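Here are the chains, one letter per residue:
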Amino acid sequence: MYLGTKSASGQAVNGQDDSSQKFRMEVLNGLSRSPKRLDSKYFYDSEGDKLFQQIMAAPEYYLTRCELDIFQNKTADLADVILSDGSSFDLVELGAGDATKSVYLLQHLLDKGADFSYMPIDISGNILSVLNEKLKAQMPKLGMVMLEGEYLQMLGKAMSLSKRRKVVMFLGGNIGNMSPVDAKRFCLQVRERLEPGDLFLIGFDLKKRPETILNAYNDKAGITAEFNLNLLRRINKELDANFDVQQFEHYESYDPETGACKSYLVSLAAQQVTIGSSNVQFDKDEIIFTEISQKYSKADINTMAAATGFELVQNCTDSKGWFIDSFWKAV
Ligand SMILES: C[S@@+](CC[C@H](N)C(=O)[O-])C[C@H]1O[C@@H](n2cnc3c(N)ncnc32)[C@H](O)[C@@H]1O
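This text gives an overview of the structure that appears in the document. In this text, all values refer to a predicted model and were calculated from it rather than measured experimentally. (Residues numbered from 1 in each chain as written. Predicted model: local features only at pLDDT ≥ 70, side-chain atom pairs only at ≥ 80, totals over all residues. Heavy atoms only, no water.)

1. So, the sheet that holds strand β9 (residues 248–255)
Pairing is mixed across the open sheet formed by four strands, whose spatial order is β2-β13-β10-β9. Sheet topology places β2 (36–37) and β9 at the edges, where each strand pairs with a single neighbour. (Pairing = 2+ DSSP bridges. Helix = DSSP H or I, 4+ residues; strand = E, 2+ residues; numbered from the N terminus.)

The following block contains the structure:
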């Protein structure tokens, strides 16, 4: 289903025709596994988008502020890497959300007279509509193509839409929402779609004081808990299910050895939930694994670039040294 976002240039691309059926299938498959799991990409319905914007503003959630620091104060460094080639390009953003940080780079590139178009990709048609309105008002001259759908499918679409060189951005905690094995596979899949010389800018949250990390996903106001529980509300609404959300609670863990920060929903009672024509049984205290937010060391980042067909060009760090936006070039 295409949710009605139109690009400024009038182009619109729909990658979501069978999304509802896929959602049902993935939810039922995930809940039949042991331990049960739900994919974090489904957090983002219109309510989830709103909650995520509140998370980004929460005092404990340092990630957005750190990356904002880079995009506001090191904009020229980022632009220099992109513009050093001199040729026109497409700036493709995977999981763009509301582009809180990228807008600073977009504005800087426009001010520099760079010849480029912006191609935000997001699975949430709702957030793409919000972004489209925002950018049309803020930067009327920006050429945009909104790509609604999954990262890789839409990156393939972006490659087929124009032959210009690509600068692909994957910001925030997005790569962290994959296990290290999946993240490596994902970078290889991105590389397969790119041409030599194309750039890949990835935001990595660095390993740091465990308490700081854990608090970021356990904010005192309980917004992250609501965000996690909203996944059950979404399943109720869209898949004709009857989760009693009061009977589940948010739980967060961080393992400083592996760098894996994980979110779970815990069933507070033995219960049966109906999803369409299927029944799912929960034991008391049984968990659903909903999200990983993986943390990296600088050495991990170097290794990952080299192992996936890229060469590390430049690391941009925030003033606290908590977060890195790493520029890689496809070799
Ligand atoms: C954590 S938010 C980050 C947004 C933005 N990149 C930032 O740093 O502020 C993740 C965004 O990625 C989108 N997303 C998650 N999984 C996706 C997938 N598999 N394909 C496309 N978009 C996805 C979500 O809809 C959401 O807008």
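2. With respect to the site of the ligand
The local shell around the ligand holds 17 residues, among which Gly95, Lys101, Asp122, Ile123 and Tyr151 are the closest. Between the ligand and Gly95, the relevant distance is 2.7 Å, taken from a nitrogen atom to a main-chain nitrogen or oxygen of the residue. Burial of the ligand by the protein amounts to 94% of the accessible area it has alone, namely 590 Å². Taken together, the residues that form the shell around the ligand break down as seven nonpolar, six polar and four charged. (Near = heavy atom within 4 Å. Polar contact = N/O pair within 3.5 Å; in protein donor to acceptor, adjacent residues only side chain to side chain. Areas by Shrake-Rupley, 256 points an atom, 1.4 Å probe, with all protein chains shown as cover. Nonpolar A, V, L, I, M, F, W, Y, C, P; charged D, E, K, R; others polar.)

3. What to know about the pairing of β9
Side-chain alternation along β9 places Phe248, His250, Glu252 and Tyr254 on a buried face and Glu249, Tyr251, Ser253 and Asp255 on a face that remains uncovered. Bridge analysis of β9 against strand β10 (residues 260–267) gives eight bridges, and the strand direction is antiparallel. Note that in β10 the partner of Tyr251 across the bridge is Tyr264. (Buried < 20%, exposed > 50% of the residue type's maximum accessible area, 1.4 Å probe, protein only.)

4. What about the state of the cysteines?
Summed over all chains, the structure comprises zero disulfides. Left without a disulfide partner, Cys66 is nearest to the cysteine sulfur of Cys316, which lies 14 Å away. (Disulfide = S-S within 2.5 Å.)

5. Side note on the packing of helix α7 (residues 151–161) against helix α8 (residues 180–193)
Viewed as axis vectors pointing N to C, α7 and α8 meet at an angle of 15°, and their least axial separation amounts to 10 Å. If you check the angle between α7 and α8, you find them roughly parallel. As α7 packs across α8, the resulting crossing turns out to be right-handed. Two secondary-structure elements touch here, α7 through Tyr151, Leu152, Leu155, Gly156 and Met159 and α8 through Phe186, Gln189, Val190 and Arg193. Of the residues in the contact of α7 with α8, the class split is six nonpolar, two polar and one charged. (Axes fitted to C-alpha atoms, helices over the stretch in contact; angles between N-to-C directions. Parallel < 35°, antiparallel > 145°, perpendicular 65-115°, else oblique. Left-handed = near helix turned anticlockwise from the far one by under 90°. Contact = heavy atoms within 4.5 Å.)

Everything listed here is a matter of geometry and, on its own, says nothing about what the molecule does.
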